[in-house]
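Coordinates in review
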Amino acid sequence: MNAKLDSGVTTRPVTRQTFDEVLVPTYAPAAMVPVRAAGLDVWDQEDKHYLDFTSGIAVSSLGHANPVLVDALTKQINTLWHLGNGYTNEPVLRLASALVEATFADRAFFCNSGAEANEAALKLARKYAHTKFGPHKSRIISCLSSFHGRTLFTVSVGGQPKYTEGFEPLPQEINHIPYNDIEAARAAILDDVAAVIVEPIQGEGGVIPGNHEYLAALREFCDKTGALLIFDEVQSGVGRTGALYAYMDTPVIPDILTSAKALGNGYPIGAMLTTEEIAQHFNVGSHGTTYGGNPLAATVALNVVEMINQPAFLARVKEASAKIFANLEKLTADYPQLFGKARGLGLLIGLPLAEGFKGRAKDVTKIAEKMGLMLLIAGPDVIRMAPALIVSDAQIAEADRILRAAVDEFLAAA
Ligand SMILES: *Cc1c(COP(=O)(O)O)cnc(C)c1O
């Protein structure tokens with residue numbers, strides 16, 4: 001018998017140290033190893049409790065181990081896991097119907113992540129432009145500081161050079177313009193542009209909402225030149241901003257929308273939504289992926305969309321958001337030397353550090369974590385909060401209490 005497959009592999013003791021020994025070192029995970037979670041509560045290997053204001057980077061919006069999702073997934077697990085795209089399945093048909101009904105879109109394509117959803121969107125936009133206008137129309141315009149995923153195409157489209165360095169040669173005819181700058185967009189969106197891709201609120205880039213006039217200008221320039229407007233709603237979508245998709249609170253309708261993260265609440269799924277006319281530029285064999293629209297993922301996503309796309313649910317997201325913003329306003333007033341003005345939409349919130357503390361966001365979140373509050377950063381200078389959308393008033397108050405204690409400890413040591 002293969003010694004490596006000897007009994008005990010599923011139960012052998014593992015620690016954070018094991019990560020450094022057997023994982024490719026692409027991440028620097030926290031010192032604690034979470035072992036179970038429910039709602040916004042997380043427990044580590046020592047059974048220490050944490051209040052989760054990250055939801056796995058805007059993913060587990062309905063909370064960890066959501067009972068409705070556990071039940072739906074368990075039923076599906078006992079019914080049908082996977083047959084591949086040579087067959088369709090009932091959950092994916094229901095999911096596509098629900099998304100088409102709820103959005104501008106007429107058609108959906110499913111994959112397994114945000115990067116793949118953007119990869120599909122960018123490929124579709126190129127195919128559309130090539131067929132309709134000719135191969136000269138291939139340029140892609142994206143924003144500086146944007147994030148669109150880690151495949152070679154999406155990382156090249158993303159506006160953060162540190163993520164492409166060393167991976168050259170990169171895909172061609174991609175240009176980056178400053179976010180929220182209408183004149184730069186006007187100058188860049190010319191006849192050779194196939195697509196403009198934009199996050200309606202930049203997440204990884206520092207939690208920066210797009211101005212409505214800016215998004216409307218992108219729409220206008222795309223219409224003038226025949227370019228497609230792609231909204232990357234991988235982070236902003238599925239209720240995060242208090243609308244099912246963030247575009248719904250803007251005056252703009254995109255041609256293609258990408259969704260992932262919260263769509264599966266932690267079960268991997270990505271989606272690209274588009275119109276009938278554009279969808280017809282992909283045909284059988286143009287694009288695909290083995291797991292895309294798999295019954296397990298589709299079942300979870302269907303239930304997620306069903307639960308989140310309710311007026312009362314989305315109204316509560318905006319109410320919870322207002323409570324957190326009120327707390328942060330008091331916090332920044334109490335510590336003006338440490339913080340700038342909080343920004344964001346719904347429950348995607350950024351708290352920038354003031355000039356003298358730039359680069360220290362991670363130091364603050366590390367102390368908060370030690371005190372039992374999990375937070376994110378968005379770049380080195382911004383603390384990011386993205387709690388589950390079901391966060392209670394009591395949890396909002398508790399997070400405020402811990403963050404204040406963490407800030408005091410941080411300042412005492414600074
Ligand atoms: C997280 C994210 C992605 C990438 O999604 P993955 O599932 O990690 O591939 C793309 N775009 C935005 C805006 C994101 O926040």
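Along each chain, residue indices are assigned from 1 in the same order as the chain's sequence is written. Local features are withheld for residues below a pLDDT of 70 in this predicted model, meaning they are given only at 70 or higher, and side-chain atom pairs are given and counted only at 80 or more; totals for whole chains, interfaces and linings count all residues. Calculation of side-chain values draws on the structure's entire complement of heavy atoms; hydrogens and water are dropped beforehand.

What counts here: UniProt positions are given in the numbering used here, feature names are shortened, and annotations may be inferred rather than shown by experiment.
Where an unreviewed UniProt entry is consulted, the chain appears under the name Acetylornithine aminotransferase, with the organism given as Massilia litorea. Its UniProt record gives the chain the following Subcellular location (unreviewed entry) comment, quoted word for word: "Cytoplasm". The UniProt entry for the chain carries the following text under Sequence similarities (unreviewed entry): "Belongs to the class-III pyridoxal-phosphate-dependent aminotransferase family. ArgD subfamily."

**Brief notes about the UniProt feature "binding site: pyridoxal 5'-phosphate" (unreviewed entry) in the chain**
Cut-off, in case you're wondering: Using protein atoms alone on a 1 Å grid, points that fit a 1.4 Å probe yet trap it form a cavity, whereas open point sets bounded by protein on both sides within 12 Å along at least five of seven lines form a pocket; residues with an atom within 4 Å of a point count as lining. The contact criterion used is simple: two residues touch if any of their non-hydrogen atoms lie within 4.5 Å.
Per the UniProt record, the feature "binding site: pyridoxal 5'-phosphate" (unreviewed entry) sits at Gly114, Ala115, Phe147, Asp232, Glu233, Val234, Gln235 and Thr290. Look at the named residues: they lie 177 residues apart in sequence, and the longest C-alpha span between them is 24.9 Å, so in the fold they stay spread out. For the second largest cavity, the lining residues among the annotations just cited are Phe147. Gln235 has contacts with Ala58, Gly203, Glu204, Arg240, Lys261, Leu348 and Arg384, leaving out every residue within four places of it along the chain.

**Considerations on the pattern of salt bridges**
Note the cut-off: Just to be clear on terms, a salt bridge is a Lys or Arg side-chain nitrogen sitting within 4 Å of an Asp or Glu carboxyl oxygen. For helices the rule is a DSSP run of H or I covering at least 4 residues; for strands it is a run of E covering at least 2, with both sets numbered from the N terminus onward. Exposure is judged per residue with a 1.4 Å probe applied to protein chains only, and the accessible area is read against the type maximum: over 50% gives exposed, under 20% gives buried, and values in between give partly exposed.
Overall, the coordinates contain 22 salt bridges when judged by the stated rule. Residues Asp393 and Lys323 are paired through a salt bridge, measuring 2.8 Å at the closest nitrogen-oxygen approach. In this pair, Asp393 is assigned in helix α13 (residues 393-413) and Lys323 in helix α11 (residues 311-334), connecting sequence segments 70 residues apart. With a shortest N-O distance of 3.9 Å, Glu355 and Lys358 are connected by a salt bridge. Classification of Glu355 as exposed rests on a relative accessible area of 63%. The class for Lys358 is partly exposed, based on a relative accessible area of 41%. Several salt bridges share partner residues, and in doing so they unite Arg316, Glu319, Lys323 and Asp393 into one network.

**Brief notes about empty space enclosed by the protein**
Our working rule: Grid points are joined across faces, edges and corners, and a volume is the space filled by probe spheres set on the points. In this classification, Asp, Glu, Lys and Arg are treated as charged, Ala, Val, Leu, Ile, Met, Phe, Trp, Tyr, Cys and Pro as nonpolar, and every other residue, Gly included, as polar.
Taken as a whole and judged by the stated rule, the model has two cavities of 30 Å³ or more. Computed from the structure, the largest cavity encloses a volume of approximately 60 Å³. Contributing to the lining of the largest cavity are Phe53, Ile324, Asn327, Leu328, Met385, Ile396, Ala399, Asp400 and Leu403. Listed by contribution, the elements that provide at least two residues to the lining of the largest cavity are α11 and α13. Looking at the lining of the largest cavity, the element that brings in the most residues is α13, giving four residues. Looking at the lining of the largest cavity residue by residue, the classes come out as seven nonpolar, one polar and one charged. When its volume is computed, the second largest cavity comes out at roughly 40 Å³. Among the residues forming the lining of the second largest cavity, the class breakdown is three nonpolar, seven polar and no charged.

**Examining the domain arrangement of the chain**
To keep it simple, the criterion reads: Domain segmentation is taken from an automatic or database assignment of domains. When two components associate, each loses some accessible surface as probed by a 1.4 Å sphere; the sum of these losses over both components is called the buried area. In the analysis that follows, any N or O atom pair within 3.5 Å is treated as a polar contact, provided that within protein one partner can donate a hydrogen and the other can accept it, and provided that, for residues neighboring in sequence, both atoms belong to side chains.
Partitioning the chain into structural domains gives domain 1 (16-65 + 311-413) and domain 2 (68-308). Here domain 1 and domain 2 have C-alpha centroids that lie 26 Å from each other. Contact residues are listed per partner, giving 29 residues for domain 1 and 25 residues for domain 2. Regarding the contact of domain 1 and domain 2, the summed buried area is about 2200 Å², with carbon and sulfur atoms giving 62% of it. For the domain 1 face of the interface with domain 2, the top three residues by lost area are Leu62, Leu314 and Leu348, together amounting to 27%. Counting across the interface, domain 1 meets domain 2 through two salt bridges. Here Arg384 makes a salt bridge to Glu204, at a shortest N to O gap of 2.9 Å. Our count for the contact surface shared by domain 1 and domain 2 stands at 13 residue pairs in polar contact (both at pLDDT 80 or more).

**A few points about the packing of helix α4 (residues 90-102) against helix α10 (residues 295-308)**
Formally: Under this scheme, a helix contributes an axis fitted over its contacting stretch, all axes are lines through C-alpha atoms, and angles between N-to-C directions fall in the 0 to 180 degree range. For any helix crossing, the convention is left-handed if the near helix is rotated counterclockwise from the far helix by under a right angle, and right-handed if that rotation is clockwise.
Running from N to C, α4 and α10 point in directions that differ by 35°, and their axes come no closer than 8 Å. The element α4 and its partner α10 pack so that their crossing is left-handed. Only Pro295, Ala298, Thr299, Ala301, Leu302 and Val305 of α10 make contact with α4, whose side of the interface consists of Pro91, Val92, Arg94, Leu95, Ala98 and Leu99. In the contact of α4 with α10, the residues fall into 10 nonpolar, one polar and one charged.

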